[in-house]
Structures are given as C-alpha cells and as structure tokens.
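In case you want the letters, here they are:
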Amino acid sequence: MYLSVIIPAYNEEKNIEKTVRSVFGYLKSGNIGHEIIVVTDGSTDRTVDIVRSLKTEIPTLELIVLEKNMGKGFAVKTGMLKAKGDFRLFTDADNATTIDHIEKMMPYFEKGYGVAIASIALKESNVAVGSEPIWRRVFGKIGNLFIQIMAVPGIRDTQRGFKIFTAESAEKIFPKMTIERWGFDIEALALARKFNFNIKEVPVDWKNAPESHVGLKAYFQVLIETIKIRWNLWTGKY
C-alpha cells in the first residue's frame, strides 16, 4: 500500500464528512493505493456516527474510536502504529491543508528525506485571511524561537497538522512518543533528528477552521512539553 492517511478527530461533526470525502475522492481519482484511518478522540458529538456511515460507501476507510479524550498526539500515534502504508500522512480533520499538497511533498522522499512537513513560515506559504489571528501569530513566532533553541533548530513551523513520514521513520519514531497532546509534533521532529532522518519543510496553503480547538492555553502547554522533550533528549530517555 502506497499511502496511509491518519485523521485525528475530536468533536469534528461539522468537518469530518467533507474532509474524508475530499481525501478519498482525490486518492481514488489518482488511482493511489491507500487507506484512510480516522481516530476519534473521545468525541461527544456525532463524529463517530458520521464516520461509521461513511464506511458503507468508502471501502478504504477505517475507524478507531478512543472512548476517552487522550489528546491529538495520542490519536495520531494510535493511527500511525495501525497504518500499513509505505508513506504515512496525518492531516487535520478541518482540512486546513488539502490532500493535493502531497504533490509538492512526495518528491522529497526520492531525494532521501524521511519526513516532509507543511509550513506557513516560509515565503511561498499562503495563509487564508482570518485563519491566523494576531495573537496566534505573535505567540507562534515567540514560541517557535523557543522550540528551535530547545528541540528542533532550523525548523520554522513545527505545528501544522500535515506531516508525512516514510514507513521506516514512522516505525522508529512513533513507538517512542511520550507526548499525548499539542507538543507531540515537536517530539516527533526531535526524534526524527535523533534517528538521523532528514526533515523537509514545505510551504503550503493553509485555511484554519473558525471553530479550531487550539486556544491560548495550548501554546503554554506546548512550551512546557518542549522542556520535557529537551529533558528526555538530555537524559537519554528516548
């Protein structure tokens, strides 16, 4: 199987059907061998029911239900460890970065990269109007400087929910993951560096959903988890 697409979903009844249909339609039209794994993370709305109903018409769709909210990192890890594709993408349920961006990212694997990540910090990136409020831009830039110093120097945007791993890199990285919530992206990239996988940062078009679950609290949580990642690297826990 060529590609596994993991979609973590927490109370995404407004977005999940459109996103799954978009992903499936694109991959089917391109005759790309794939699986779509939706991991619902303790959802209390209709997300689970919607995905179950889609399974009757989308044969490549799988559903993993986490009864308790464990965090996006835990959901992505669960999907990655279940995946069977030669390449493994996790993407956000709100479709902030559309599936066709794989066309820009996949060629880098032929050049020896083990991970390719979406970025809105590069000059060629395009952020839709209203997707990134001023407070998020400010905290994002300050936070990224800290993240670069502590964990992943040179990576300008660690937090986009659109990252592709080779099977080899995913199988080395995700069993070692300890961060279950917002800081998991940083941990995954820090582990990629530790295991000598090259990371390619790729500019993307990005449109954040108005009902995004990422609030100010998440930024402080990321900084705390970044310190934990640095400590784990220093002490050889990984």
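In this text the structure is predicted, and so the values were computed from the model without any measurement.

K.L.:
Describe the pairing of strand E5 (residues 115–119), naming the residues involved and giving the relevant values.
P.N.:
Of all 5 residues making up E5, 5 are buried, and the element is well covered by its neighbours. Burial along E5 is two-sided: Val115, Ile117 and Ser119 facing one way and Ala116 and Ala118 facing the other are all buried. Sheet analysis places E5 next to strand E7 (residues 162–166), joined by 3 bridges and oriented antiparallel. If you follow Val115 over to E7, its bridge partner there is Phe165. As paired elements, E5 and strand E8 (residues 199–203) share 5 bridges and run parallel to each other. By the bridge assignment for E8, Ser119 is matched with Pro203.

K.L.:
So what about the packing of aromatic side chains? Which residues, and what values?
P.N.:
Applying the stated criterion across every chain yields a total of 5 aromatic pairs. Aromatic pair Phe165 and Phe174: ring centres 5.0 Å apart, planes at 80 degrees, arrangement edge-to-face. With respect to burial, Phe165 and Phe174 carry one shared label: buried. Within the aromatic cluster, the residues linked to one another by ring pairs are Tyr2, Phe87 and Phe109. In this structure, Arg160 is placed above the aromatic ring of Trp206, and the distance from its NZ or CZ to the ring centre is 4.5 Å. Residue placement shows Lys172 over the ring face of Phe195; its charged tip is 4.8 Å from the ring centre.

K.L.:
Give a detailed account of the side chain of Glu187, specifying residues and quantitative values.
P.N.:
In this fold, Glu187 is placed in helix H7 (residues 184–194). Buried and without a salt bridge, Glu187 has Lys228 as its closest oppositely charged side chain, separated by 6.8 Å. A polar contact is formed between the side chain of Glu187 and the side chain of Thr178, at a distance of 2.6 Å. A distance of 2.6 Å separates the side chain of Glu187 from the side chain of Tyr238, its partner in a polar contact.

What counts, and at which threshold
Residues numbered from 1 in each chain as written. Predicted model: local features only at pLDDT ≥ 70, side-chain atom pairs only at ≥ 80, totals over all residues. Heavy atoms only, no water. Buried < 20%, exposed > 50% of the residue type's maximum accessible area, 1.4 Å probe, protein only. Helix = DSSP H or I, 4+ residues; strand = E, 2+ residues; numbered from the N terminus. Pairing = 2+ DSSP bridges. Phe/Tyr/Trp six-rings, centres within 6.5 Å; stacked < 30°, edge-to-face > 60°. Lys NZ or Arg CZ within 6 Å of the ring centre and 35° of its normal. Lys, Arg positive; Asp, Glu negative; His and termini not counted. Salt bridge = Lys/Arg side-chain N within 4 Å of Asp/Glu carboxyl O. Polar contact = N/O pair within 3.5 Å; in protein donor to acceptor, adjacent residues only side chain to side chain.

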